[in-house]
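Structural features, examined
Listed below are the residues making up each chain.
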Amino acid sequence: MEDDDQDEVMTPEEVEEWEREYHLYGSLGFFIAAFSKVELSLTVILANLCKHHDFETFHVITRGLDARSKVGRIRELCEAGQLITADSALDVRLNLFQRKINDFRNKIAHSY
C-alpha cells in the first residue's frame, strides 16, 4: 500500500516558489485594501469640501467617480476656495496619488 501523503510533499524549490507567490498576492491584496481606504477618504474630503454631511446621499452623487476624478474635483474645489497652491504639500501628494499610485492600482486591478 502506497502512502498518498508522499505525493503531496513539496520540494524546497516548490516551497520557495509558493512563499514568493504567497507574499506577492498578499502584498497586492494589502495594496488594494489600502487604496480603497484612501479612495473612501477622498470621498469624505470631497463631501466636506462641498459641505455635504449626509454621506448616504453624497454616495449617490459620487458612486460613479473613480479615484482620479475625485482627485480632480478636490483640486478644483480647493483652487476655487484658494485652499491649495501649486507645489504645496497637498498638491504634491495629490499629484503623486493621481500619477503614480492610481495608475499602478489600475494596472494591477485590470491585469489579473
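A quick note: this is a predicted structure, and the numbers were derived from the prediction, not measured. (Residues numbered from 1 in each chain as written. Predicted model: local features only at pLDDT ≥ 70, side-chain atom pairs only at ≥ 80, totals over all residues. Heavy atoms only, no water.)

1. Focus: helix 1 (residues 12-49)
- Under the 1.5 Å per step criterion, the end-to-end length of helix 1 is 55 Å for 38 residues, consistent within 8% with the ideal 56 Å.
- Every buried residue belonging to helix 1 is among L28, F35, E39, L42, T43, L46 and A47, and all of these are buried.
- Buried-residue contacts for helix 1 involve helix 2 (55-62), helix 3 (67-80) and helix 4 (89-109).
- Phi for K51, located one or two positions after helix 1, is positive at around 60°. (Helix = DSSP H or I, 4+ residues; strand = E, 2+ residues; numbered from the N terminus. Expected span 1.5 Å × (residues − 1). Buried < 20%, exposed > 50% of the residue type's maximum accessible area, 1.4 Å probe, protein only. Contact = heavy atoms within 4.5 Å.)

2. Here's the deal with the packing of helix 1 against helix 3
- In the contact formed by helix 1 and helix 3, the axes pass within 10 Å of each other and the chain directions differ by 30°. Compared by their axis directions, helix 1 and helix 3 come out roughly parallel. The handedness of the crossing between helix 1 and helix 3 comes out as left-handed. Residue-level contacts link F35, E39, L42, T43, I45, L46 and L49 of helix 1 to A67, K70, V71, R73, I74, L77 and C78 of helix 3.
- In terms of residue class, the contact of helix 1 with helix 3 is built from ten nonpolar, one polar and three charged. (Axes fitted to C-alpha atoms, helices over the stretch in contact; angles between N-to-C directions. Parallel < 35°, antiparallel > 145°, perpendicular 65-115°, else oblique. Left-handed = near helix turned anticlockwise from the far one by under 90°. Nonpolar A, V, L, I, M, F, W, Y, C, P; charged D, E, K, R; others polar.)

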